[in-house]
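This is what each chain is made of:
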Amino acid sequence: MDSGYQDILPYIRPRAGDLGWLGLLMASLIIALLAGALLTYLTTGWRRRRRTRLAFFAAATERHLSIPQTTMLYDLSRRHRMHDPLLLLTSLKIFDDHAGRLAADGGDRTRLNALGAVRRRLGFDRPTVEQRFYTTRTLAPGQKLMVWPNGLQRGFIQCVVVGRDERAITAVPLRRDDDELLSQLQAGEKIKVRFWRDGDTEYRFRTDILEFQPHTTSVRIRHAEELERVQQRDFYRIHVDIHVRLYALPLGIEDIDPERVASVATDVLEADLMDLSGGGLSVFLPGPAPRKAEIVIDPAYEGVFPFAGAHLLIVDQQRHGDGWHVRLQFAELPAAVRDDLVAAIFDYELSASR
């Protein structure tokens, strides 16, 4: 190596522990950038939370909630780490989810009562018919329930809701004969419940008994956090043995005058009703039902079920023994008629189980 470089080597050789002014400058810039990024993150988060809080309190004020009620809801949203707390004020499903979590966590009675007051103020205690039920916390007093102790399919107890809070439903039997059966229910016993909501559809759920109150012959039923909304094919179905006359009308006929049904019918079917639900029925016929026809129940029928004159669609038919098993579905049954039909079905089953 040329000896001429030896004089400058001490100046360019790295020295451990000595960054020099340039190294210190770079380190300072990196620390400043990290500190600035952290400060920006914290400031942005604080501003976002502040805007959310102001928007939440403004929306709650528009809905006539008091400051303590608003603060309780906002604290609930923070505790449950909600991304959008405003949904607590506008969505029944979100409100039920978080109110249910609070009750399941064993909230004190005062807090749960305050939450119930908020529910009433927001209108979540009596949702419109267009709004489906998500939990049993929206069941109003007067709602009838069909309760099956120990999961039995028959022998249900028909009860009516007389009270409700954020923890449970209070129900009493409709029939005096059911007092003894209801008194046999023990705390913790599993039950199945079904109910029909006027203008909507049928719901069912599973839960358990919180307590039995002998002095009022009532039970407190734990709220169900999930309700199954029953489709027409799953409506509660009963087995019956009733004769009914069906008329087969030409296709395309609508709004037929009940007095003219027999005169325009292309065929008269004498059927034995086998089972019935709010969505349809099954009958036994000596021969197959005509496929290309409108099926109408005899408008003059005066039995226990209010389906006289109802239009039916053929779902399926199969040969069975010396006849045909035909399944039919109600077509555009008015809501009021369906409500009356479901009520009659439950009353019939209740009477038959006694």
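The coordinates are above.
Being a predicted model, the structure only gives us computed values, none of them experimental.

Student: Lay out the overall build of the protein chain with the relevant residues and their values.
Tutor: When you go through the protein chain residue by residue, the secondary structure sums to nine helices and 13 strands. The buried share of the protein chain, reckoned over its 354 residues, is 42%. Within the protein chain, contacts between residues separated by at least 24 positions form 61% of all contacts whose residues are at least 6 apart in sequence. Taken as a whole, the protein chain presents about 20,400 Å² of accessible surface, with 53% of it coming from carbon and sulfur.

Student: I'd like a description of the sheet that holds strand E8 (residues 238–249), backed by residues and values.
Tutor: Two modes of strand pairing occur in sheets, parallel and antiparallel, and in both the strands are linked by backbone hydrogen bonds. Pairing in this closed barrel of six strands is antiparallel, and the strands run E8-E9-E10-E13-E12-E11 around the ring. On average, each strand axis in the sheet is inclined to that of its neighbour by 45°, with strand direction left out of account. Relative to strand E13 (residues 323–330), strand E10 (residues 280–285) runs antiparallel, the two being bridged by six bridges. Bridging from a neighbouring strand, Phe284 pairs with His325 of E13.

Student: Give a detailed account of helix H5 (residues 92–104), specifying residues and quantitative values.
Tutor: Residues lying three or four places apart along an α-helix face the same way, a consequence of the helix completing one turn every 3.6 residues. Here H5 contains 13 residues, and its C-alpha end-to-end distance of 18 Å stays within 8% of the 18 Å for a straight helix at 1.5 Å per residue. For H5, every residue scored as buried is listed here: Leu92, Phe95, Asp96, His98, Ala99, Gly100, Leu102 and Ala103. Buried positions along H5 lie against helix H3 (67–79), helix H4 (87–90) and helix H6 (109–122).

Student: Give a detailed account of the packing of aromatic side chains, specifying residues and quantitative values.
Tutor: Throughout the structure, instances matching the rule amount to 13 aromatic pairs. Between the aromatic rings of Phe195 and Phe205, the centroid separation amounts to 6.3 Å while the plane-to-plane angle is 65°, which identifies the pairing as edge-to-face. With Phe195 in strand E4 (residues 190–196) and Phe205 in strand E5 (residues 202–213), this pair connects stretches of sequence that are ten residues apart. Each of the two residues, Phe195 as well as Phe205, counts as buried. An aromatic cluster is present here, built from Phe133, Phe195, Tyr203 and Phe205 joined pairwise through their rings.

Student: So what about empty space enclosed by the protein? Which residues, and what values?
Tutor: One pass over the structure, following the stated rule, counts two cavities of 30 Å³ or more. Here the largest cavity is characterised by a volume of approximately 50 Å³. Together, Arg109, Leu112, Asn113, Asp165, Glu166 and Arg167 line the largest cavity. Its residues placed into classes, the lining of the largest cavity shows one nonpolar, one polar and four charged. By volume, the second largest cavity is sized at about 30 Å³. In terms of lining, the second largest cavity is formed by Glu202, Phe235, Tyr236, Ser277, Gly278, Val342, Ile345 and Phe346. In terms of residue count, helix H9 (residues 335–352) provides more of the lining of the second largest cavity than any other element does, three residues in total. In terms of residue class, the lining of the second largest cavity is made up of five nonpolar, two polar and one charged.

Here is what the cut-offs are and how they apply
Numbering of residues starts from 1 in every chain and runs along the sequence as written. Since the coordinates come from a predicted model, pLDDT governs what is reported: local features require at least 70, and pairs of side-chain atoms require 80 or more to be given and counted, while whole-chain, interface and lining totals use all residues. Think of the side-chain values as coming from all heavy atoms in the structure, minus any hydrogens and water. Strands here mean DSSP runs of E at least two residues long; helices mean DSSP runs of H or I at least four residues long; both are numbered from the N terminus. Three labels apply to residues, based on accessible area from a 1.4 Å probe with only protein chains included: buried if under 20% of the type maximum, exposed if over 50%, partly exposed otherwise in between. Residue contacts are defined here by distance: any two heavy atoms, one from each residue, within 4.5 Å place the two residues in contact. Values of accessible area rely on a 1.4 Å probe in the Shrake-Rupley scheme; residue burial ignores everything except the protein chains shown. Pairing between two strands requires that DSSP report at least two bridges joining them. Axis definition: a line fit to C-alpha positions, over the contact stretch in the case of helices; interaxial angles, taken between N-to-C directions, run 0 to 180 degrees. Helix span, as expected, comes to 1.5 Å for every residue beyond the first. Only centres within 6.5 Å qualify two rings of Phe, Tyr or Trp (six-membered ring in Trp) as a pair; their planes then separate them into stacked at under 30 degrees, edge-to-face at over 60, and tilted for everything else. Within this scheme a cavity is a closed region of a 1 Å grid, computed over the protein atoms alone, that accommodates a 1.4 Å probe without allowing it to escape, whereas a pocket is open but has protein on both sides within 12 Å along at least five of seven lines; lining residues each have an atom within 4 Å of a point. Grid points are joined across faces, edges and corners, and a volume is the space filled by probe spheres set on the points. Here the nonpolar group is Ala, Val, Leu, Ile, Met, Phe, Trp, Tyr, Cys and Pro; Asp, Glu, Lys and Arg are the charged ones; every other residue, Gly included, is treated as polar.

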